[in-house]
Amino acid sequence: MTKVRNWQIGRDMEYRFAEAHPDRQLAFVFNTNRCIACQTCTMACKSTWTFSEGQELMWWNNVETKPYGGYPRSWDVRILELLEAANPGGQVWDATARGGPYGVFKGMTVYEAAAAQGKDVAVGYAPTDEEWAAPNVWEDTAAGPPGRPGAYDERGARLPEHAPWFFYLQRVCNHCSYPACLAACPRNAVYKRKEDGIVLIDQARCRGYRKCVEACPYKKPMFRLTTRTSEKCVGCYPRVEGRDALSDGVPMEARCMAGCVGKIRLQGLVKVGADGTWIADRTHPLYFLVHVEKVALPLYPQLGTEPNGYYIPPRWVPRAYLEQMFGPGASDAVDRYRRPSRELLAVLQLFRTTQRMIFRYDIVEGPKVLETTIGGRPWTMYADTVVGFDEKGREAVRLPVVEPFRERPARYLNSI
Ligand code: SF4
Ligand code: SF4
Ligand code: F3S
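None of these values were measured; they are calculated from a predicted model.

Further remarks concern the environment of Thr48. In this structure, Thr48 sits in helix α1 (residues 40-49). Thr48 sits 36 residues away from Asp12 along the chain, and the two C-alpha atoms are 38 Å apart.

Rendered as structure tokens:
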């Protein structure tokens, strides 16, 4: 074990390998507020990568209902329980401490808990076949008081927190900066690419030890019986490399990202410094959302793998739940999302609007169109236009912040 810097938890931590970072990192933001659980992303992935014999129960992309759903079942509760057992009462953040953007995590990561218990590289567990068997048990099952049958129950729709609540959590491999799958493999079959930070399992080296499956706290490597090797999300790397026939030589978003019906997904490549932090890039949409606006947060950053997937938390969910899942920045992130700045409102339009990755955005200012209050505070909306540019600096998309509105002429009212 050696010391590495994990900026998400605001401190150094133990890891199996010395610090080494890619030049660019594949990263993404999911806006949980918009997801309708249509599973188009899930099927886009399945029909591309996991449609073969032995992959039947494999879902590299899945969308689960929180708080009860999970694939594999209860994966998050299981890993949180293991860490709590290793460090009872100690798994806490100090949000006021100086260290990282969300304060400092005072508890143990999966690596530190393993070291404390004299175990292998990372604390983890192997899910049973039954836990893998269904990707969507407890879909749409709410927590909180039951609604009133046959009647509108306003407690389920009142902000800031709904009384009965649930939300959809979209999950793919996070192509972590300190991957547990990579650290745990005795064959060194897992590697992280220097050019884009994508984490892959070398199928020729893999001998099916499944330590990666045990160690990944997000449970994203999956064992395939027909090949007796493990497989995981490959980040649609041919598209990221710009080798897809449609891409015209520039990086494209993965299939799950490009297919998203709810327009909740934005994926890109960010520049990474020698210390692993993102190099400031003020007009890169991902840098803006994660580091400037801080509206998108990592999933369970306390686990310590430094995941490169970020989430805009759902605005109706009890804040304590969101903080254990996304860290202490969750409440502020919800506030900023509910009452977005002029720039944030424009950047939010960019999600899932072009298959080409956006490397820079620009905002063309328009006139004021609305003055109102949100949460008792004044808020103004402008008819701005946001423009996204691809890797070569070419315009990839141009969108108005105000949706065009057209009234159907009376003579067509009854037709389609
Ligand atoms: Fe590895 Fe899991 Fe991180 Fe993916 S999410 S890189 S499988 S540790
Ligand atoms: Fe949600 Fe988009 Fe996937 Fe549909 S395609 S389930 S909206 S993430
Ligand atoms: Fe290594 Fe996982 Fe294969 S531990 S040998 S990559 S099954």
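Anyway, onward from the coordinates.
Let us look at the pairing of strand β18 (residues 385-389). By the alternation rule, side chains of β18 split into Val386 and Gly388, which are all buried, and Thr385, Val387 and Phe389, of which none is buried. Relative to β18, strand β15 (residues 360-364) runs antiparallel, the two being bridged by five bridges. Bridge pairing in β18 places Tyr361 opposite Gly388. Judged from the five bridges that link them, β18 and strand β19 (residues 395-400) form a sheet pairing that is antiparallel. By the bridge assignment for β19, Thr385 is matched with Pro400. In textbook terms, the turn of a hairpin is the stretch between consecutive antiparallel strands, and for β18 and β19 this stretch comprises five residues, one of which, Gly393, has a positive phi near 80°.

Surrounding ligand 1, one finds 14 residues, the nearest of these being Cys173, Cys176, Pro179, Cys181 and Cys216. Split into classes, the residues belonging to the shell around ligand 1 amount to nine nonpolar, three polar and two charged.

Let us now look at the sheet that holds β18. One open sheet holds the three strands; their spatial order is β15-β18-β19, and the pairing between them is antiparallel. A strand with exactly one partner marks an edge of an open sheet, and here the two such strands are β15 and β19. Each adjacent strand pair in this sheet contributes to an overall mean axis angle of 20°, direction not counted.

Conventions and cut-offs
- Within any chain, residue numbers begin from 1 and follow the written order of that chain's sequence.
- Going through the entries in the order they are written, you letter the chains from A and number the ligands from 1.
- Totals for whole chains, interfaces and linings use all residues, but because this is a predicted model, local features are given only for residues with pLDDT of at least 70 and pairs of side-chain atoms are given and counted only at 80 or more.
- In this description a helix means any DSSP run of H or I spanning at least four residues, a strand means any run of E spanning at least two, and both kinds are numbered starting from the N terminus.
- The exposure scheme places C-beta atoms from the backbone and then counts, for each residue, the other C-beta atoms within 10 Å of its own, assigning buried at 20 or more, exposed at 12 or fewer, and partly exposed in between.
- At least two bridges found by DSSP between two strands is the condition for calling them paired.
- We call a residue near a molecule or strand if the C-beta atom, set from the backbone, is within 6 Å of it.
- Classes in brief: Ala, Val, Leu, Ile, Met, Phe, Trp, Tyr, Cys and Pro nonpolar; Asp, Glu, Lys and Arg charged; the others, Gly included, polar.
- Axis definition: a line fitted to C-alpha atoms, over the contacting stretch in the case of helices. Angles run 0 to 180 degrees between N-to-C directions.

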